[in-house]
Amino acid sequence: MCGRFVQSQDPAAYARLFGAEVVVTESLEPSYNVAPTDRVYAVAEHDGVRRLGTFRWGLIPFWAEDRKIASRHINARAETVDTKPAFRDSFASRRCIVPADGFYEWERRDDGSKLPHYLHPTDAEAFALAGLWASWRDPETDERVVTCTILTTEPNEVAGRIHDRMPVVLRPDDWDAWLDRDNGDTDSLRGMLGPAPDGAVGEHPVSSLVNSVKNNVPELLQPIDVD
């Protein structure tokens, strides 16, 4: 699962990192504790042009009756993403990259408590998390809402010490094919959804202050001494 992550850079930085030719969003406040239904940056392709825009985190399929479903769709399992009704249409032609400076996972300890860890890239400025997006129109207000979800997969060795799932981190060589809306090669796309290499991910325990979405400061990323 990926329930919290970090987006602290400005849109120009993410556009540079992920090759977005157009930025179609205003700047969001840096977030060190992105929570479900928050507004986030994501990169998607429109008319063959890679663009950075703003999405709501928590996918609302076009057929949903209301937006309450969003909080249940912050993640999509890589193993079933092409068959689940909520995600299969987006997987077919509305794929995106969600930039993340890092993400949090919680380790269940022997005493029953949960210890948060911050997982971050060791060889890049940000993770390219595999995502899907959808456009939904509110039947009451006629507002168009664009939302996204983050795909998860089995963990690598580093993440597996903490949790049994991790977000899919796309390799740079796969970005073009992942974002190509005309790419219907399901087998190839599914082949991109394995765990990140162990050496690409570092981690350290952090303060339980991250447990509350009210806390959103850079200090959340600081390592703590568990003992």
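Residues numbered from 1 in each chain as written. Predicted model: local features only at pLDDT ≥ 70, side-chain atom pairs only at ≥ 80, totals over all residues. Heavy atoms only, no water.

## Describing the environment of A44
No. 1: Counting through the fold element by element, A44 comes out in strand β4 (residues 39-46).
No. 2: For A44, a relative accessible area of 1% corresponds to the buried category.
No. 3: Excluding its chain neighbours within four sequence positions, the residues that come into contact with A44 are V49, R50, R51, F55, R95, C96, W133 and L179. (Helix = DSSP H or I, 4+ residues; strand = E, 2+ residues; numbered from the N terminus. Buried < 20%, exposed > 50% of the residue type's maximum accessible area, 1.4 Å probe, protein only. Contact = heavy atoms within 4.5 Å.)

## Things to note about the pairing of strand β7 (residues 95-100)
No. 1: Taken across its 6 residues, β7 has 6 buried, putting it largely inside the fold.
No. 2: Burial of the side chains of β7 extends over both faces: R95, I97 and P99 are buried on one face and C96, V98 and A100 on the other.
No. 3: Relative to strand β10 (residues 127-137), β7 runs antiparallel, the two being bridged by 6 bridges. Counted as the bridge partner of P99 is A128 from β10. (Pairing = 2+ DSSP bridges.)

## Concerning the pairing of β4
No. 1: For β4, the tally of buried residues reaches 6 of 8 residues, placing the bulk of the element in the interior.
No. 2: Direction of pairing for β4 relative to strand β5 (residues 49-57): antiparallel, over a ladder of 8 bridges. Counted as the bridge partner of V40 is F55 from β5.
No. 3: Hairpin geometry of β4 and β5 is characterised by an intervening segment of 2 residues between the two adjacent antiparallel strands and by a positive phi of about 50° at D47.

## Some words on the sheet that holds strand β9 (residues 114-121)
No. 1: Strands sit in the order β3-β1-β8-β9-β13 across an open sheet of 5 strands; the sheet is antiparallel. At either margin of the open sheet sits one strand with a lone partner, and together these are β3 (31-34) and β13 (201-205). In this sheet, adjacent strand axes meet at a mean angle of 30° when their direction is disregarded.
No. 2: Pairing between β9 and β13: 5 bridges, direction antiparallel. (Axes fitted to C-alpha atoms, helices over the stretch in contact; angles between N-to-C directions.)

## Describing the state of the cysteines
No. 1: A full pass over the atoms with the stated rule returns 0 disulfides.
No. 2: No disulfide involves C2; its nearest neighbouring cysteine sulfur is the one of C148, lying 10 Å away.
No. 3: Judged by relative accessible area, which is 0%, C2 ranks as buried.
No. 4: C148 takes part in no disulfide bond, and the closest cysteine sulfur, belonging to C96, lies 5.4 Å away. (Disulfide = S-S within 2.5 Å.)

## A look at the pattern of salt bridges
No. 1: Overall, the coordinates contain 10 salt bridges when judged by the stated rule.
No. 2: R39 is the salt-bridge partner of E26, the closest N and O atoms lying 2.3 Å from each other. One end of the pair, E26, is in the loop between β2 (22-23) and β3; the other, R39, is in strand β4, and 13 residues separate them in sequence.
No. 3: The closest approach of N and O atoms between D174 and R171, which form a salt bridge, is 3.2 Å.
No. 4: Beyond isolated ion pairs, a larger network of salt bridges with shared partners links R67, D138 and E143. (Salt bridge = Lys/Arg side-chain N within 4 Å of Asp/Glu carboxyl O.)

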